[in-house]
Amino acid sequence: RKEVEQDPGPFNVPEGATVAFNCTYSNSASQSFFWYRQDCRKEPKLLMSVYSSGNEDGRFTAQLNRASQYISLLIRDSKLSDSATYLCVVNSGGGADGLTFGKGTHLIIQP
Amino acid sequence: DTGVSQDPRHKITKRGQNVTFRCDPISEHNRLYWYRQTLGQGPEFLTYFQNEAQLEKSRLLSDRFSAERPKGSFSTLEIQRTEQGDSAMYLCASSGQGYYGYTFGSGTRLTVV
């Protein structure tokens, strides 16, 4: 099983709709979780951290389910500018300080 | 200093040649990371520095790869005897204390022909 798994998509969603995607991780000792956004041929940029109690930033809501080892990202009232690849990222702590990235979920918002 | 800088942005090299990339992190960040990303994949961890100490290296970092951060500021990543499979985007990131996410540079896109 891969460390971080995501549905690669693409998810084709009409503008204004709500879209959600999940990510599963294999290391139960994982301590920190993030969603990054990556535009085509650009570097990844931190979208939001994911906290145990769930957190919201504007139209974006992130949730963590430790028991089932998955993270979710919900985007409400989607905009054309939300089109990007969303990378699920996990830090396992301990001796492995590097973040482990999923392959990303490709989201296309259609007018 | 407004972000992480990487140089060059693009590099085309012939198979068998050596290449070196440079990364200048955000000045107050003591942690520096190198990642590699190929098309359709997420970034893959290569190595990590805290100040000048290289604390971890991935199995992906073969003996043809070497990274340094001699003064705890900028870092270099050298690939010797490049192979076509080395073609990828090489991303550098930096962070401060704690796991609060990284700031990535724009990357160096390597093409080995």
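Structural data are supplied above this passage.
Residues numbered from 1 in each chain as written. Chains lettered and ligands numbered in written order. Predicted model: local features only at pLDDT ≥ 70, side-chain atom pairs only at ≥ 80, totals over all residues. Heavy atoms only, no water.

S.K.: Account for the sheet that holds strand E1 (residues 4-6) of chain A, with residues named and values stated.
M.R.: All names here are of chain A. As summarised here, the arrangement of the five strands in space is E1-E3-E8-E7-E6, forming an open sheet in which the pairing is antiparallel. Bordering the open sheet on either side are E1 and strand E6 (55-57), each of which pairs with just one other strand. The mean inter-strand angle of the sheet, taken between neighbouring strand axes irrespective of direction, is 20°. As judged from the six bridges shared by strand E7 (residues 60-65) and strand E8 (residues 70-75), these two strands associate in the antiparallel manner. (Pairing = 2+ DSSP bridges. Helix = DSSP H or I, 4+ residues; strand = E, 2+ residues; numbered from the N terminus. Axes fitted to C-alpha atoms, helices over the stretch in contact; angles between N-to-C directions.)

S.K.: Residue-level account of the interface of chain A and chain B, with values.
M.R.: The interface is formed by 20 residues belonging to chain A together with 20 residues belonging to chain B. For the pair chain A and chain B, the summed buried surface comes to about 1700 Å²; carbon and sulfur atoms form 50% of the total. Our enumeration of links across chain A and chain B arrives at zero salt bridges. In this assembly, chain A and chain B are joined by four residue pairs in polar contact (both at pLDDT 80 or more). Listed by contribution, the elements that provide at least two residues to the side of chain A that touches chain B are strand E4 (32-38), strand E9 (84-91) and strand E10 (99-101) of chain A. No other element matches the four residues that E4(A) contributes to the side of chain A that touches chain B. When its residues are assigned to classes, the side of chain A that touches chain B shows eight nonpolar, eight polar and four charged. (Contact = heavy atoms within 4.5 Å. Buried area = accessible area lost by both parts, 1.4 Å probe. Salt bridge = Lys/Arg side-chain N within 4 Å of Asp/Glu carboxyl O. Polar contact = N/O pair within 3.5 Å; in protein donor to acceptor, adjacent residues only side chain to side chain. Nonpolar A, V, L, I, M, F, W, Y, C, P; charged D, E, K, R; others polar.)

S.K.: So what about the nonpolar core? Which residues, and what values?
M.R.: Nonpolar side chains tend toward joint burial in soluble globular proteins. Grouped together as the largest cluster of nonpolar side chains are 23 residues, with contacts concentrated most on Phe21(A), Trp35(A), Ile71(A), Leu73(A), Ile75(A), Tyr86(A) and Leu107(A). Elements with a contribution of two residues or more to this core: strand E3 (19-25), E4, strand E5 (45-50), E7, E8, E9 and strand E11 (105-110) of chain A. Every residue in contact with Leu107(A), bar those within four places of it in the chain, is listed here: Phe11(A), Val13(A), Val19(A), Phe21(A), Ile75(A), Asp82(A), Ser83(A), Ala84(A) and Tyr86(A). With 19 residues, the next largest nonpolar core counts Ile26(B), Leu46(B), Tyr90(B) and Leu110(B) among its residues. (Core = buried A, V, L, I, M, F, W, Y, C linked by side-chain atoms within 4.5 Å. Buried < 20%, exposed > 50% of the residue type's maximum accessible area, 1.4 Å probe, protein only.)

S.K.: Describe the state of the cysteines, listing the residues and the values that go with them.
M.R.: Under the defined criterion, the tally for this structure stands at two disulfides over all chains. The disulfide bridge from Cys23(A) ends at Cys88(A), spanning 1.9 Å between sulfur atoms. Disulfide Cys23(A)-Cys88(A): the torsion about the S-S bond is -70°, which places it as left-handed. Remark: Cys88(A) occurs in strand E9 and Cys23(A) occurs in strand E3; sequence separation between them is 65 residues. Comparing Cys23(A) with Cys88(A) shows no difference in burial state: the two are buried. Shown here is the disulfide that connects Cys23(B) with Cys92(B), its sulfur atoms set 1.9 Å apart. (Disulfide = S-S within 2.5 Å.)

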